[in-house]
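What the coordinates show
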Amino acid sequence: QAKAPVLSTSAASVRNWTSRLTSSDPKVRASAETTLVEGARRSLPLLQHFLNDLNEDLHQVTFEIIRRIGPAAIPMLTELLRDGRASIRGSAVDAFIDLAPYSEPVQPALRRALNDEDSKVAGDAARAVGALGARASPSVGALVKTLSHEDPYVRIYAAEALASIGPKAAGATSALARAIDDPVPGVRWAACE
């Protein structure tokens, strides 16, 4: 109960935590990060406020805290996949890579992210799906569609995700065989894998 007011989302609390997380003193920063990680779910509303700030350094620290919180942050990360800023969507999808296998239930959101307008987000969504290994078998069809993405970065990671799924991705064999003729060597290599 003593920690609940400290994790408040009042303007004064947000300013205080922002100051602590961006402090030039590494001990102050480390202490603040640890407290927020230990607060887990109770910290999430405050972390959301940090992501509304324009400070990119604060965003980076916030996503590191989210990663450390782990599976309890998955609902928040799923919502962040719909954020209007590509940098936030990208950081969210990147966090899912580290949270596998806990991210298995959010495959529908990751499949939507395969179609993100930002190619880096779409490619990292394929990486996040691939991190699930055989558990990602429900996403094989979406990954096959992603093999025809205009950006080779996305195509490479779609092929690698299918490789990570293994035998449960056997339905992708024809599409992978076509990808062996891709003009980009990295895509051909990933398809062969």
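Here, every reference points to the structure presented above.
These figures come from a predicted structure and were not determined experimentally. (Residues numbered from 1 in each chain as written. Predicted model: local features only at pLDDT ≥ 70, side-chain atom pairs only at ≥ 80, totals over all residues. Heavy atoms only, no water.)

1. Quick look at helix H3 (residues 44-52)
Within the sequence span of H3, burial applies to Leu44, Leu46, Leu47, Phe50 and Leu51. Angular distribution of buried residues about the axis of H3 spans 155 degrees; they occupy a single face of the element. Looking at the packing, one finds that the buried side of H3 touches helix H1 (11-21), helix H2 (26-39), helix H4 (56-69), helix H5 (74-80) and helix H6 (86-98). (Buried < 20%, exposed > 50% of the residue type's maximum accessible area, 1.4 Å probe, protein only. Helix = DSSP H or I, 4+ residues; strand = E, 2+ residues; numbered from the N terminus. Arc of directions from axis to C-beta. Contact = heavy atoms within 4.5 Å.)

2. Some remarks on the packing of aromatic side chains
Across all of its chains, the model carries 1 aromatic pair by this definition. The lysine or arginine in question, arginine 20, covers the ring of tryptophan 17, its NZ or CZ lying 4.2 Å from the ring centre. Cation over ring: arginine 127 sits above tyrosine 157, and NZ or CZ is 5.4 Å from the ring centre. (Phe/Tyr/Trp six-rings, centres within 6.5 Å; stacked < 30°, edge-to-face > 60°. Lys NZ or Arg CZ within 6 Å of the ring centre and 35° of its normal.)

3. Regarding the packing of H1 against H2
To characterise two packed helices, one gives the angle between the axes of the helices and the distance between these axes. The contact between H1 and H2 brings their axes to 7 Å, and the two run at 125 degrees. As judged from the angle between their axes, H1 and H2 are oblique. Contacts from Trp17, Arg20 and Leu21 of H1 reach H2 at Val28, Arg29, Ser31, Ala32, Glu33, Thr35 and Leu36. Here the residues of the contact of H1 with H2 sort into 5 nonpolar, 2 polar and 3 charged. (Axes fitted to C-alpha atoms, helices over the stretch in contact; angles between N-to-C directions. Parallel < 35°, antiparallel > 145°, perpendicular 65-115°, else oblique. Nonpolar A, V, L, I, M, F, W, Y, C, P; charged D, E, K, R; others polar.)

4. Points about the side chain of serine 43
For serine 43, the location among the structural elements is in the loop between H2 and H3. According to the relative accessible area criterion, serine 43 is buried, its value standing at 0%. In this structure serine 43 touches Leu7, Thr35, Leu36 and Ile69, once residues within four positions along its chain are discounted.

5. Thoughts on the pattern of salt bridges
Evaluated as defined, the whole model comprises 10 salt bridges. Arginine 85 is paired through a salt bridge with aspartate 83; the nearest N and O atoms lie 2.9 Å apart. Assessed through its relative accessible area of 28%, arginine 85 is described here as partly exposed. When the shortest N-O distance is used, the salt bridge between glutamate 104 and arginine 135 registers 3.7 Å. Of the two residues, glutamate 104 is situated in the loop between H6 and helix H7 (107-113) and arginine 135 in the loop between helix H8 (119-130) and helix H9 (140-146); the sequence distance between them amounts to 31 residues. On the basis of relative accessibility, which here comes to 33%, the residue glutamate 104 falls in the partly exposed class. Among the ionic contacts, a cluster of salt bridges with common partners joins Arg67, Asp94, Asp98, Lys120, Asp124 and Arg127. (Salt bridge = Lys/Arg side-chain N within 4 Å of Asp/Glu carboxyl O.)

6. Let's talk about unusual backbone geometry
Alanine 100 connects to proline 101 through a cis peptide bond whose omega is 10 degrees. Residues other than glycine seldom take positive phi values, yet alanine 40 does so here, at roughly 45 degrees.

7. A short note on the layout of surface pockets
In this structure, the largest pocket encloses a volume near 270 Å³. Around the largest pocket, the lining is made up of 16 residues, and of these Arg67, Ser87, Gly90, Ser91 and Asp94 lie nearest the centre. Where the lining of the largest pocket is concerned, the elements lending two or more residues are H4, H6 and H8. Its residues assigned to classes, the lining of the largest pocket shows 4 nonpolar, 5 polar and 7 charged. (1 Å grid on protein atoms, 1.4 Å probe; cavity = no way out; pocket = protein on both sides within 12 Å on 5 of 7 lines; lining within 4 Å. Points joined across faces, edges and corners; volume = space filled by probe spheres on them.)

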